[in-house]
Amino acid sequence: MTGKEKLLAEELQGSPTVIDTKTGSKKLFLESYGCAMNFSDSEIVASILAENGYQTVDQIDDADLILVNTCSIRDKAEQTVRNRLNHFKGLKRKNQHLKVGVLGCMAERLKSQLLEEEKLVDLVVGPDAYRDIPKLLDEVEEGQKAVNVLLSREETYADINPVKLNTNGITAFISIMRGCDNMCTFCVVPFTRGRERSRDPKSIVEEARQLAEQGYKEVTLLGQNVDSYRWNITKKGEVINPDEEVVNFANLMEMVAQVSPDLRVRFSTSHPKDMTDEVLQVMAKYENICNYIHLPVQSGNSEVLKKMNRGYTREWYMDRIAAINKYIPDCAISTDIITGFCGETEEQHQETLSLMEQVKYDFAYMYKYSERPKTLAERKYEDDVPEEVKSRRLTEIVDLQMKHSLERNKKMVGKDYKILIEGVSKKNKDELFGRTSQNTVVVFPKKDAVPGTYVNVHVHDCTAATLKGELI
Ligand code: SAH
Ligand code: SF4
Ligand code: F3S
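Computed from a predicted structure; not experimentally measured. (Residues numbered from 1 in each chain as written. Chains lettered and ligands numbered in written order. Predicted model: local features only at pLDDT ≥ 70, side-chain atom pairs only at ≥ 80, totals over all residues. Heavy atoms only, no water.)

Caption draft 1: The arrangement of the packing of helix 10 (residues 277-285) against helix 12 (residues 314-327) in detail. Contact pair helix 10 / helix 12: the axes reach a minimum separation of 9 Å and the direction vectors enclose 25°. With respect to each other, helix 10 and helix 12 are oriented roughly parallel. Here helix 10 and helix 12 pass one another in a crossing that is right-handed. Together, Asp277, Leu280, Gln281 and Ala284 of helix 10 and Arg320, Ala323, Ile324 and Tyr327 of helix 12 make up the contact between the two elements. Of the residues assigned to the contact of helix 10 with helix 12, the class counts are five nonpolar, one polar and two charged. (Axes fitted to C-alpha atoms, helices over the stretch in contact; angles between N-to-C directions. Helix = DSSP H or I, 4+ residues; strand = E, 2+ residues; numbered from the N terminus. Parallel < 35°, antiparallel > 145°, perpendicular 65-115°, else oblique. Left-handed = near helix turned anticlockwise from the far one by under 90°. Contact = heavy atoms within 4.5 Å. Nonpolar A, V, L, I, M, F, W, Y, C, P; charged D, E, K, R; others polar.)

Encoded structure:
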């Protein structure tokens, strides 16, 4: 038996139980901000609390406990949470027993300082300490403030069966790893999420299998850098051949794709420096692995990329784009862009625009650089691009992306696509919406179709954001 076979032959310990979230005597209102990782973590928190007598409620006024899972990625994300906390003051005045806890990245970044700054907060818990929440709540009940922001090198919550919150019953997230070791100079995540660690592949496949059994049709594998997923630890904690025989991301994705041909597989986020041809080959091999890659570029200029410590150049990035187009010709590609990073010149900004012209992204998330405390960029470089310049550059980037999104969508007009129906259109209750493998939203008249099924749709029109079609 090879090391890899040995790793995979081991049985999963115990079988996760179904958790009841509606019968607990205490009432929890849980609210999440930030990335998919946080939403996925909230499902773990709900699960831990359900086992400790809490039911989740949809009405904040009914709650005995409000937990806010927070994001620190940009200053604005933190301001949103602070405003929200302010709003809770009124609720606390009305209900003397109400407790408020802050979880996630802001909790980790600010630690007990958050208790001093936001007097209404009773509880502060970082992303690796969620198992401790019941104990911390006991302390809160005794009238103390409670904090646990210890980061871990091992915690993956692999054995906890997440409780699906606000689910459509069709699409779900599966967390495959935690933390990040990359240290991009602008980014707060390595400080708030700690060291990178991968989750046992058997528990990931088992979670996908259970979701498929419950009728889910799509899973998104989540990590800050999924391409560095790596598992080589046996149940006894032995490390097998540190350099070989590991389960890498391509292997893991293949294992999940094999759960059911009816279960779509997506993933996020890929890192340009680590994305291998092997991953692209596996994507090309399985029809149910969606033809969509989110590949954040951040900047089109190699010097800026170096200053950001991204670990690749413009040329390297373009080589990865060429590889995607080679293996998966109809793959959609999206990106993240930061404009106005420390010292960014007008020429460097033009290079971001020219890279966008070269790639023609289907979609992009675009941000103005926001300096984050303690990051290398904050310590080493000056946030010297004036606000109005950042704004103007951002507008140029957004306008160009709108043009490209429309161009890319126009290319889909006149063609037929298999889509997974996700629900009823928000704008028109006689229409349904779903996504193509390429992640583009398609809206079409309902007829007899139902959410959670696959249908073929002929696309006859589009905007920059959606396709319009008819059932075939
Ligand atoms: N792990 C992912 C990104 C996670 S954060 C990756 O490496 O691609 C999501 C996005 O937020 C980043 O891709 C980046 O574009 C943006 N971002 C991160 N820090 C930022 C900052 N300080 N200011 C503005 N945008 C930032
Ligand atoms: Fe942040 Fe970079 Fe890690 Fe992404 S890869 S989370 S941008 S440090
Ligand atoms: Fe925000 Fe933390 Fe995610 S900072 S983007 S919630 S990892």
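Structure shown, so let's carry the discussion forward.
Caption draft 2: Structural view of the UniProt feature "domain: TRAM" (unreviewed entry) in the protein chain. The UniProt record marks residues 410-472 with the feature "domain: TRAM" (unreviewed entry), using the residue numbering of this structure. Summarising residues 410-472: 2% helix, 54% strand, and an end-to-end C-alpha distance of 19 Å. (UniProt positions renumbered as here; feature names shortened; annotations may be inferred.)

Caption draft 3: Spatial organisation of the side chain of Ser425. Topologically, Ser425 is positioned in the loop between strand 17 (416-424) and strand 18 (431-435). Using a relative accessible area of 11% as the deciding quantity, one classes Ser425 as buried. Among the polar contacts made by the side chain of Ser425, one reaches the main-chain amide nitrogen of Lys427 at a distance of 3.2 Å. Ignoring anything within four residues of it in the chain, the contact list for Ser425 reads Glu431, Leu432, Phe433 and Val443. (Buried < 20%, exposed > 50% of the residue type's maximum accessible area, 1.4 Å probe, protein only. Polar contact = N/O pair within 3.5 Å; in protein donor to acceptor, adjacent residues only side chain to side chain.)

Caption draft 4: Structural detail: the site of ligand 1. Every one of the 15 residues lining ligand 1 counts as a neighbour, but Gln224, Pro296, Gln298, Asp336 and Ser370 are closest to it. Here an oxygen atom of ligand 1 and a side-chain polar atom of Asp336 are 2.6 Å apart. The separation between a nitrogen atom of ligand 1 and a polar main-chain atom of Ser370 is 2.7 Å. Counting residues per element, the ones that place at least two in the shell around ligand 1 are strand 15 (332-339) and strand 16 (363-368). Residue classes in the shell around ligand 1 are distributed as six nonpolar, four polar and five charged. (Near = heavy atom within 4 Å.)

Caption draft 5: Local environment of the UniProt feature "domain: MTTase N-terminal" (unreviewed entry) in the protein chain. Per the UniProt annotation, the sites labelled "domain: MTTase N-terminal" (unreviewed entry) are residues 26-142. As a span, residues 26-142 carries 48% helix and 21% strand, and end to end its C-alpha atoms are 16 Å apart.

Caption draft 6: A look at the pattern of salt bridges. Taken as a whole and assessed by the stated rule, the structure comprises 38 salt bridges. A salt bridge links Lys92 to Asp122; the shortest N-O distance between them is 2.8 Å. Of this pair, Lys92 sits in helix 3 (residues 75-94) while Asp122 sits in the loop between helix 5 (113-117) and strand 5 (123-125); the two residues are 30 residues apart in sequence, bridging distant segments of the chain. The pair Lys92 / Asp122 is uniform in exposure class, with both members buried. A salt bridge links Asp128 to Arg197; the nearest nitrogen and oxygen atoms lie 3.0 Å apart. (Salt bridge = Lys/Arg side-chain N within 4 Å of Asp/Glu carboxyl O.)

Caption draft 7: The arrangement of the site of ligand 2 in detail. Taken together, Cys180, Asn182, Met183, Cys184, Phe186, Cys187, Val189, Pro190, Gln224, His271 and Arg310 make up the full set of residues near ligand 2. Of the residues assigned to the shell around ligand 2, the class counts are seven nonpolar, three polar and one charged.

Caption draft 8: Focus on the sheet that holds strand 15. The strand order across the open sheet built from three strands is 14-15-16, with neighbouring strands paired in parallel fashion. Edge positions in the sheet fall to strand 14 (292-294) and strand 16, since each has one partner strand and no second. For this sheet the average axis-to-axis angle between neighbouring strands, irrespective of direction, equals 10°. (Pairing = 2+ DSSP bridges.)

Caption draft 9: Broad picture of the side chain of Ser370. Residue position: Ser370 is located in the loop between strand 16 and helix 14 (376-380). Here Ser370 falls in the buried class, since its relative accessible area comes to 16%. Look past the residues within four positions of Ser370 in its chain and what remains in contact with it is Arg74 and Asp75.

Caption draft 10: Focus on the sheet that holds strand 13 (residues 264-268). Spatially, three strands are ordered 7-10-13 in an open sheet, and the strand pairing comes out parallel. Two strands in the sheet have a free side with no partner beyond their single neighbour: strand 7 (171-175) and strand 13. If you compare each strand with its neighbour and ignore which way they point, the axes differ by 25° on average. Inspection of the sheet shows strand 10 (residues 218-222) paired to strand 13 by five bridges, in the parallel sense. Along strand 13, the bridge assignment pairs Leu221 with Phe267. Where helix 2 (residues 36-50) meets the sheet, it contacts strand 7 and strand 10, and its direction lies at approximately 90° from that of strand 7. On the sheet, helix 9 (residues 249-257) packs against strand 10 and strand 13 and is oriented at approximately 150° with respect to strand 13.

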